[in-house]
Amino acid sequence: MMSQMTPSERKVRVNLGDRSYDILIGPGLIAATGREIGARLKGRRVAVITDENVAPRYLDPMMASLAQSGIEAVSLVLPPGEKTKSFDHLIPVCDAILGARIERNDAVIALGGGVIGDLTGFAAGIVRRGSRFIQVPTSLLAQVDSSVGGKTGINSPHGKNLIGVFHQPDLVLADTDVLDTLSPREFRAGYAEVAKYGLIDKPAFFHWLEQNWQAVFAGGSARIEAIAASCQAKADVVAADERENGLRALLNFGHTFGHALEAATEYDSNRLVHGEGVAIGMVLAHEFSARMNLASPDDARRVEAHLKTVGLPTRMGDIPGGLPPAERLMDAIAQDKKVKGGKLTFILTRGVGQSFVADDVPASEVLNFLKEKHPQ
Ligand SMILES: NC(=O)c1ccc[n+]([C@@H]2O[C@H](COP(=O)([O-])OP(=O)(O)OC[C@H]3O[C@@H](n4cnc5c(N)ncnc54)[C@H](O)[C@@H]3O)[C@@H](O)[C@H]2O)c1
Ligand SMILES: O=C(O)C(=O)C[C@@H](O)[C@H](O)[C@H](O)COP(=O)(O)O
Ligand SMILES: [Zn+2]
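- Per an unreviewed UniProt entry, the protein chain carries the name 3-dehydroquinate synthase and comes from Sinorhizobium sojae CCBAU 05684.
- Per its UniProt entry, the protein chain bears the Subcellular location (unreviewed entry) comment "Cytoplasm".
- What the UniProt record of the protein chain gives under Pathway (unreviewed entry) is the line "Metabolic intermediate biosynthesis; chorismate biosynthesis; chorismate from D-erythrose 4-phosphate and phosphoenolpyruvate: step 2/7."

Right under this line is the structure:
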């Protein structure tokens with residue numbers, strides 16, 4: 001039986017030839033996991049990887065749905081938080097998949113936020129040199145960004161996501177009901193990546209968010225529309241440049257600064273989560289662009305005002321617990337995956353919705369800028 005879409009459900013296709021896949025977005029999809037997977041998967045066995053916040057709420061309904069469709073499942077529950085994206089946790093995930101004898105026609109399911117999705121996707125990408133992988137994203141950030149596009153991996157003390165592989169999922173099931181149990185802080189963090197799509201190249205979407213963000217936060221159709229628009233924006237970029245040879249780097253808007261801040265706070269989710277780093281990073285990218293006379297400071301003020309209005313941090317000084325000096329932030333920036341021949345690549349902007357890839361950004365300019373913006 002193929003997928004039966006309800007009127008409130010949306011479908012976005014990621015077009016990647018014989019690795020194309022659907023993103024289903026809407027209410028009640030966890031209870032339909034067995035039906036949706038059963039219709040697409042040859043194998044009848046899955047390993048579900050999740051975390052301690054998600055498991056008590058959504059693991060049983062997923063396991064029941066799988067059982068109903070005759071799919072055998074094992075599960076592994078990991079601690080929540082960014083520190084879980086590490087070698088220490090990769091090992092038990094690989095062991096759980098292998099221990100359950102998941103074959104290439106079976107599947108590995110990530111049930112959780114971006115941390116579980118990135119870690120599980122990496123394990124699926126390397127076990128048996130590539131196993132089928134299904135994303136069931138449960139945070140806003142994972143539904144609008146991390147579950148789509150096949151970037152998987154773990155962090156290193158040297159920097160964010162430095163160890164990983166591209167491994168596309170076979171299906172993404174984004175159950176929008178589960179966002180009701182997400183903390184307000186984590187919802188806001190995911191919203192930063194939603195706003196990112198507007199800032200990259202969709203000024204009308206950013207304007208719509210400025211007008212409608214309260215409805216997006218409240219839930220209902222505006223939220224589903226924002227998730228679907230975000231997935232469509234990402235799907236288009238990924239289809240055009242899967243391996244980040246050019247255009248895809250735009251999805252990194254705000255991330256060079258944001259990732260450096262995450263590394264500087266030692267991936268401590270109590271101090272800074274990814275979406276918060278991206279929010280601060282996007283304001284810094286606008287301010288740096290203005291400093292380089294590429295954009296008006298009014299755009300930086302407009303972006304900061306909106307992110308502040310929804311309750312996101314926008315300044316390095318908003319991060320609790322202090323930061324290492326600007327030189328240390330530059331060390332993390334030098335490890336960014338976009339660096340080529342030692343030269344920094346940044347996503348800069350000419351204004352809201354007018355971002356572009358800038359190769360060869362002078363490190364000395366970035367350092368001086370960071371010293372100016374540094375809270376100490
Ligand atoms: N692969 C990509 O393309 C990509 C894109 C963006 C971000 N990322 C990565 O994603 C990670 C951030 O993802 P995240 O913001 O989802 O963080 P996360 O996975 O840590 O989830 C946030 C918190 O919310 C909890 N949670 C998740 N769903 C819940 C629910 N429905 N109800 C209650 N609690 C819930 C989690 O347990 C966690 O404590 C970062 O590591 C970032 O680098 C990857
Ligand atoms: O999918 C992408 O491409 C992105 O850049 C999306 C980002 O939101 C995401 O945080 C990604 O993991 C960052 O990529 P990285 O290559 O800088 O690790
Ligand atoms: Zn991101």
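**As for the site of ligand 1**
Part 1 of the argument: Lining the immediate surroundings of ligand 1 are 27 residues, of which D51, T138, S139, K160 and T181 lie closest.
Part 2 of the argument: In the model, an oxygen atom of ligand 1 is placed 2.6 Å from a nitrogen or oxygen of the K160 side chain.
Part 3 of the argument: The separation between an oxygen atom of ligand 1 and a polar side-chain atom of K234 is 3.1 Å.
Part 4 of the argument: Here ligand 1 loses 92% of its free accessible area of 870 Å² to cover by the protein chains.
Part 5 of the argument: Only α2 (55–68), α4 (114–126), α5 (140–146), β8 (159–163) and α6 (184–201) provide two or more residues apiece to the shell around ligand 1.

**Some details on empty space enclosed by the protein**
Part 1 of the argument: Scanning the entire structure with this criterion turns up one cavity of 30 Å³ or more.
Part 2 of the argument: Taken together, F257, A260, L261, L284, M316, L329, I333 and L370 form the lining of the largest cavity.
Part 3 of the argument: Broken down by secondary-structure element, the contributors of at least two residues to the lining of the largest cavity are α9 (255–264) and α12 (326–334).
Part 4 of the argument: Here the lining of the largest cavity takes three residues from α9, the largest share from any one element.
Part 5 of the argument: Class assignment for the residues of the lining of the largest cavity results in eight nonpolar, no polar and no charged.

**Observations concerning the site of ligand 2**
Part 1 of the argument: Surrounding ligand 2, one finds 14 residues, the nearest of these being D145, K151, K234, R248 and K337.
Part 2 of the argument: Measuring from an oxygen atom of ligand 2, one finds a side-chain N or O atom of K196 at 3.0 Å.
Part 3 of the argument: Measuring from an oxygen atom of ligand 2, one finds a side-chain N or O atom of H274 at 3.0 Å.
Part 4 of the argument: When ligand 2 sits alone it has 430 Å² of accessible area, and the protein chains cover 92% of it.

**Some words on the UniProt feature "binding site: Zn(2+)" (unreviewed entry) in the protein chain**
Part 1 of the argument: When the UniProt feature table is mapped to this numbering, "binding site: Zn(2+)" (unreviewed entry) covers E193, H255 and H274. Considering the C-alpha atoms alone, the annotated residues occupy 82 residues of sequence yet fold into one spot, their largest mutual distance being 10.3 Å.
Part 2 of the argument: Here E193 shows up in helix α6.
Part 3 of the argument: Judged by its relative accessible area of 1%, E193 is buried.
Part 4 of the argument: Setting aside anything within four residues of it in sequence, one finds E193 in contact with L141, V144, D145, H255, H274 and V278.
Part 5 of the argument: Mapped onto the fold, H255 is located in helix α9.
Part 6 of the argument: Classification of H255 by relative accessible area gives buried; the value is 5%.
Part 7 of the argument: Apart from the residues within four sequence positions on either side, H255 is in contact with E193, K196, A260, H274 and V278.

**Looking at the packing of α6 against helix α10 (residues 274–291)**
Part 1 of the argument: Where α6 meets α10, the axes come as close as 7 Å, and the angle between the chain directions of the two elements is 35°. Here α6 runs over α10; the crossing is left-handed. Judged by residue contacts, R185, A189, A192, E193, K196 and L199 of α6 engage H274, G275, E276, V278, A279, M282 and H286 from α10.
Part 2 of the argument: In terms of residue class, the contact of α6 with α10 is built from six nonpolar, three polar and four charged.

Parameters and conventions
- Residues numbered from 1 in each chain as written.
- Chains lettered and ligands numbered in written order.
- Predicted model: local features only at pLDDT ≥ 70, side-chain atom pairs only at ≥ 80, totals over all residues.
- Heavy atoms only, no water.
- UniProt positions renumbered as here; feature names shortened; annotations may be inferred.
- Near = heavy atom within 4 Å.
- Polar contact = N/O pair within 3.5 Å; in protein donor to acceptor, adjacent residues only side chain to side chain.
- Areas by Shrake-Rupley, 256 points an atom, 1.4 Å probe, with all protein chains shown as cover.
- Helix = DSSP H or I, 4+ residues; strand = E, 2+ residues; numbered from the N terminus.
- 1 Å grid on protein atoms, 1.4 Å probe; cavity = no way out; pocket = protein on both sides within 12 Å on 5 of 7 lines; lining within 4 Å.
- Points joined across faces, edges and corners; volume = space filled by probe spheres on them.
- Nonpolar A, V, L, I, M, F, W, Y, C, P; charged D, E, K, R; others polar.
- Buried < 20%, exposed > 50% of the residue type's maximum accessible area, 1.4 Å probe, protein only.
- Contact = heavy atoms within 4.5 Å.
- Axes fitted to C-alpha atoms, helices over the stretch in contact; angles between N-to-C directions.
- Left-handed = near helix turned anticlockwise from the far one by under 90°.

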